[in-house]
Amino acid sequence: MEWISTLLQGLLLGGVYSLFAIGLSLVFGVMRLVNIAHGDLIVLASFTSYVVVQALGVGPLMSLVIVLPTFFLFGYLVQLLVLNRTLGDDMLPPMIVTFGLSIVIQNALFDVFTADNRKLNLGPIETASFRLGNDIAIGIYPLAVFAIAIATIVALQALFYNTKLGREFRATSDDAEAARMMGINTKRVFAVATGIGMVVIAIAGVLMGVRTTFDPFSGPVRLLFAFEAVIIGGLGSIWGTLFGGIVLGLAQAIGGQIDPQFQIMTGHIVFLVVLLLRPTGFFPKVQH
Amino acid sequence: MTNQTYIVARATTASKAALVIMVSCVVVLLLVPLTGDRGSMRLIVEICYFLALAQMWNLLAGYAGLLSVGQQAFSGFGGYMLFAFVVYGGLSPLISLPLAGILAGIVSLPVAILMFRLSGPYFAIGTWVTAEVFKLVFFEIPLGGGSGMSLPIQAIRDISPTTEGRELIIYLTALAIAVGSVALVYSMLRSRFGLALTAVRDNERASASVGIDSFRLKLGVFVTVAAFTGMVGALIFLQKLRISPGSAFDVMEWSAGIIFIVVIGGIGRIEGPFVGVAVYFLLRETTANYGAWYMILLGLLAIVIMLFARQGLWGFLAERYRLTVFPIERRVRTVEPVEKAKPSNGISDTAISNLSLPPF
Amino acid sequence: MSTIETKGLTAYYGDFQALFGVDIILRDGETTAIIGANGAGKSTVMKAITGLIKTSPEMVFIDGAPCGGREAHTAIASGIAMVPEGRRLFPSLTVEENLLLGAHCARKGPWTLERVYEVFPGLKERRRLSGTALSGGQQQMVAIGRALMSNPTSLLCDEISLGLAPVIIEDLYRNIAKLKEEGLSIVIVEQDLVRAVSVADRVYCLMEGRVSLEGRADEMSLAAIRNAYFGV
């Protein structure tokens, strides 16, 4: 029974990781850009929500009303003004620019907020749970996060396959030059894609900020989990990303059950084993 | 046309002048201990190992195209191996230094084979994950665990009975490692190995068609760099006398810092790390009172460089004023048919007929 | 409606110079063939006209207005549509989505999804397939249909017969001739010079980045064209 409970927790944790990973996967899918600042942006979203909560006295969920549009705009502008200039055959510039962004965000947050742990408070719902049989308790909040992760994937799927914008995303992803010939302003498409990626990042940041504590330097760990979920699932596949997140969540939960010290390590090891045995992940869509 | 001879020249007047300046610099640095200024000596040791790490990352990323964000795995591992050799093997720290490097080279082999399945930015993050695994492993094994360990007093006395003597030995070792790193990269790039590396960097497929095995070539670079990085790591923690997983595998200091140094100075040029290290220490020492601000400035500078002068500060100057300190490029020029291809000033001219591709 | 003109057009790929001062006029309502061997610079001229490679403004004119080096995605709005070399359908999009994408920035005009399906029979049944699941000839039809969906005044066709069977090429060129009757300006870029010259009003021959011959198609002898093409 203890094990079933562990597996359920791992599954729900996987939902959080897929939420981390979706933004990374989306931006990579449309413009082949790997954003090293991804994890730090998740943390930045947590801090932004924290500030909004402190300043306006609203709850973290209400803060999304401000955080989401802010992040969309931020992503749109960063892509349009900075990242678009780095895209090309050379992989170094986008990597260094996002790495630079990562270091700037970490240290700026440290400068303003110090290295203290913070948390977003949602009240009693955080610890509420319902029972399944006699021994298994499922947390309502983790379940809600998992549901939001799936809802996000469904929404993005609908956006990609049922809208004019989604058609532009896919065409640009296939062949950006040909898309330009069809009259598509690919720079704007990239900016919108990053904007949407940032909205997902903001959702992940706020939801995770309620679940666990964060500090200015917790970004890299979030990036690595997101990255592992994307690679396990297979590049470019959004449902694969959910799968990858769940595999990672389960691995960590099982490892943590054996010995709390092993939790993170088990996740990394499962990732390396997948890399060894199945380097393209389970549902690859894009060639490396 | 048929009788035309080509000669391949590498040295320039500027590079010869630069060599003289470099040698003088090393001589001056050798004289610093006579002043007895221990603060400066410690700073120079630090500059030396940052330069060596930067040279290694430059060789890896700038010449072999392997954008690793996980080199802290090898510097940290090297540091730990030094402690292991000293504490459990009873070896002297100075002998442990190269041994730690060799071990780092050996563990880098399986890492490389796994990581080479990833390319570009995925390789970058994959190596980062590997370094995290190294860190987590050292949390668990009996080398101090999470809280780390110190070098025993006895071992420290082994180096030299006095603090001054120990600092002098570490100073000289650091100087040797810095000079060694530059010499290693320089000689590697001037050899056939370097020629093959440049060929792969410029066009991997075309170079494969002339028989260059790019996998083995990159593997060779990766392992060499890991070994040297491990040795530098051993020196770093020999100077610090303490090691812990958090400090040994710190991505910020040993990866981000180093990468920015190389990029700001000029990636793919031996001169780049020199300029980058200068910028790094200038920023760090002048903003010492403002906490993390030097990292913010460093990050911003790296972004600006990537957007407006991808060749880095040195590359920008070199292209403008045609400077080369380390002549590793080969300039082909034609010579009148009658005249024999006589090496103008001796040191580095090769007739093109002697130039064949290396056996990789 | 629109006359496209290049004046002293030069273009570089890195250090390599691909065009050395090319002057070409694509007159309104005419069909122009640009022929030349592989690497003569034909596609580069097309890319310069659409803005896919950067040139200075005074190298390309549309109706007398300098517009070299503008963003490529604005070409559609000025009535220039491209059928790119190698077709370049979007594999993640269905046939219908490929066609609809062509209409994203469309001008007003006669071309609709229904009309494309009418002109190119066989596409309608396959409209839900991925564009790349079709035969080469059908893919080429999708590529042409996609360009027409933007209701262009000038249609630039880059090597549309490459890799297709003769019967299918025949069919494609019959369609091109029909489009010409509707008043569309058409540019045919071809290596197959006989084919191109047979439908063209004017012919430009490029050799090593320069115009080696130009004139009205009906006034040219095949021998002169061969000479300009091969440079013998």
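Note that the structure is a prediction, hence the values are computed from the model and not measured.

Asks: Can you walk me through the interface of chain A and chain B in this structure?
Replies: Contacts between the two partners involve 42 residues from chain A and, on the opposite side, 39 residues from chain B. Where chain A meets chain B, there are zero salt bridges. Summed over the shared surface of chain A and chain B, the result is four residue pairs in polar contact (both at pLDDT 80 or more). Every element with two or more residues in the side of chain A that touches chain B is listed here: helix H4 (92-113), helix H9 (219-233) and helix H11 (263-277) of chain A. In terms of residue class, the side of chain A that touches chain B is built from 31 nonpolar, seven polar and four charged.

Asks: Looking at this structure, how should I read the arrangement of the chains?
Replies: For the two pairs of chains in contact, the maximum contact count is reached by chains A and B. Nothing in chain B touches chain C; the tightest C-alpha to C-alpha distance between them is still 14 Å.

Asks: I would appreciate a short explanation of the packing of aromatic side chains in the present structure.
Replies: The geometry of an aromatic ring pair is captured by two quantities: the separation of the ring centres and the angle between the planes. Going through the model one piece at a time under the given rule, you end up with 35 aromatic pairs over all chains. Ring plane angle 75 degrees and centroid distance 6.3 Å describe the contact between B:Phe123 and B:Phe222, whose orientation is recorded as edge-to-face. Of this pair, B:Phe123 sits in helix H5 (residues 120-140) while B:Phe222 is found in helix H10 (residues 214-240), placing the two residues 99 residues apart along the sequence. Overall, the relative accessible area of 2% leaves B:Phe123 in the buried class. By way of ring pairs, the aromatic residues B:Phe74, B:Phe77, B:Tyr80, B:Phe116, B:Phe123, B:Phe134, B:Phe138, B:Phe215, B:Phe222 and B:Phe249 are connected into one cluster. For C:Arg115, the ring lying beneath its charged end belongs to C:Trp111, and the centroid distance is 4.1 Å. The positively charged end of C:Arg210 is found above the aromatic ring belonging to C:Phe20, 4.2 Å away from the centroid.

Asks: What should I look at first to understand the sheet that holds strand E2 (residues 16-26) of chain C in this one?
Replies: Sheets are built from strands that pair by backbone hydrogen bonding, the pairs being arranged parallel or antiparallel. Residues and elements named next belong to chain C. The strand order E2-E1-E4-E5 describes an open sheet built from four strands, whose pairing is antiparallel. Every other strand in the sheet has two partners, leaving E2 and strand E5 (65-66) as the edge strands with one partner each. Two elements, strand E1 (residues 4-13) and strand E4 (residues 60-62), share three bridges in a ladder whose sense is antiparallel. Within E4, the residue paired with Thr6 across the bridge is Val60.

Asks: I would appreciate a short explanation of the state of the cysteines in the present structure.
Replies: Any covalent bond linking the sulfur atoms of two cysteines counts as a disulfide. Summed over all chains, the structure comprises zero disulfides over all chains. The cysteine B:Cys25 is free of any disulfide, with B:Cys48 supplying the nearest cysteine sulfur at 12 Å. Sulfur of C:Cys205: no disulfide; nearest cysteine sulfur belongs to C:Cys157 and is 19 Å away. By relative accessible area, which is 0% here, C:Cys205 ends up buried.

Asks: Which parts of the structure should I look at to understand the confidence of the model for chain B?
Replies: As a general rule, the predicted coordinates of low-pLDDT regions are not to be interpreted in detail. Here chain B shows a mean pLDDT of 86. Residues at 70 or above account for 88%. Residue range residues 337-360 of chain B is modelled with pLDDT below 50. Its contacts to residues more than four positions away, or to other chains, number 41 contacts.

Asks: Explanation requested: the sheet that holds strand E7 (residues 154-158) of chain C in the structure shown.
Replies: Residue and element names in this part refer to chain C. Overall, mixed pairing links the six strands, which are arranged E6-E7-E8-E3-E9-E10 in an open sheet. Sheet topology places strand E6 (80-83) and strand E10 (210-216) at the edges, where each strand pairs with a single neighbour. Adjacent strand axes in the sheet meet at a mean angle of 15 degrees when their direction is disregarded. Two strands pair when backbone bridges link them, and strand E9 (residues 202-207) and E10 are joined in this way by six bridges, in the antiparallel orientation. Note on E10: the bridge partner recorded for Tyr204 is Glu214.

Asks: Can you walk me through the pairing of strand E8 (residues 185-190) of chain C in this structure?
Replies: Regular strands show a simple pattern: their side chains alternate between the two faces of the sheet. All names here are of chain C. A large share of E8 lies buried, amounting to six of its six residues. One ladder, built from five bridges, connects E7 with E8; its direction is parallel. Residue pairing across strands places Asp158 opposite Val189, the latter belonging to E8. Handedness of the crossover is the feature at issue here: the chain leaves E7, passes through helix H5 (residues 166-181), returns alongside E8, and the resulting connection is right-handed.

Asks: How should the packing of helix H3 (residues 72-89) of chain B against H5(B) be read in this particular structure?
Replies: When two helices pack together, their arrangement is captured by the angle between the axes and the distance separating the axes. Residue and element names in this part refer to chain B. Running from N to C, H3 and H5 cross one another at 25 degrees; their axes reach a closest spacing of 8 Å. In this view, H3 runs roughly parallel relative to H5, as classed from their interaxial angle. Crossing of H3 against H5: the hand is left-handed. Here Gln72, Ala73, Phe77, Tyr80 and Met81 of H3 lie close against H5, whose contacting residues are Trp128, Ala131, Phe134 and Phe138. Taken together, the residues of the contact of H3 with H5 sort by class into eight nonpolar, one polar and no charged.

Asks: Looking at this structure, how should I read helix H4 (residues 136-148) of chain C?
Replies: One full turn of an α-helix is made of 3.6 residues, so residues set three or four places apart face in the same direction. All names here are of chain C. For H4, spanning 13 residues, the distance from its first C-alpha to its last is 18 Å, which sits close to the expected 18 Å at 1.5 Å a residue. Most of H4 is tucked away, with twelve of its 13 residues classed as buried. Along H4, the residues classified as buried are Gly137, Gln138, Gln139, Gln140, Met141, Val142, Ala143, Ile144, Gly145, Arg146, Ala147 and Leu148.

Asks: What should I look at first to understand the interface of chain A and chain C in this one?
Replies: Accessible area lost on assembly of the parts is the figure often given for the size of an interface. Listed by partner, the interface residues are 18 residues for chain A and 19 residues for chain C. Here chain A packs against chain C, burying approximately 2,000 Å² in sum over the two surfaces, 59% of which is carbon and sulfur. For the pair chain A and chain C, the interface holds four salt bridges. The shortest N-O distance in the salt bridge between A:Lys187 and C:Glu71 comes to 3.5 Å. Across the chain A-chain C interface, the total number found is nine residue pairs in polar contact (both at pLDDT 80 or more). For the side of chain A that touches chain C, the elements supplying multiple residues, two or more each, are helix H6 (164-174) and helix H7 (176-181) of chain A. Among the elements that take part in the side of chain A that touches chain C, H6(A) stands out by supplying six residues, more than any other.

Asks: What am I meant to see in the environment of A:Leu80 here?
Replies: All names here are of chain A. Here Leu80 shows up in helix H3 (residues 60-81). Residue classification places Leu80 among the partly exposed positions, given a relative accessible area of 34%. In this structure the C-alpha to C-alpha distance between Leu80 and Ala191, which are 111 residues apart in sequence, comes to 5.5 Å. Excluding its chain neighbours within four sequence positions, the residues that come into contact with Leu80 are Lys187 and Ala191.

Cut-offs and rules
Residues numbered from 1 in each chain as written. Chains lettered and ligands numbered in written order. Predicted model: local features only at pLDDT ≥ 70, side-chain atom pairs only at ≥ 80, totals over all residues. Heavy atoms only, no water. Contact = heavy atoms within 4.5 Å. Salt bridge = Lys/Arg side-chain N within 4 Å of Asp/Glu carboxyl O. Polar contact = N/O pair within 3.5 Å; in protein donor to acceptor, adjacent residues only side chain to side chain. Helix = DSSP H or I, 4+ residues; strand = E, 2+ residues; numbered from the N terminus. Nonpolar A, V, L, I, M, F, W, Y, C, P; charged D, E, K, R; others polar. Phe/Tyr/Trp six-rings, centres within 6.5 Å; stacked < 30°, edge-to-face > 60°. Buried < 20%, exposed > 50% of the residue type's maximum accessible area, 1.4 Å probe, protein only. Lys NZ or Arg CZ within 6 Å of the ring centre and 35° of its normal. Pairing = 2+ DSSP bridges. Disulfide = S-S within 2.5 Å. pLDDT = per-residue confidence, 0-100. Axes fitted to C-alpha atoms, helices over the stretch in contact; angles between N-to-C directions. Right-handed = clockwise from strand over helix to strand, strands pointing away. Parallel < 35°, antiparallel > 145°, perpendicular 65-115°, else oblique. Left-handed = near helix turned anticlockwise from the far one by under 90°. Expected span 1.5 Å × (residues − 1). Buried area = accessible area lost by both parts, 1.4 Å probe.

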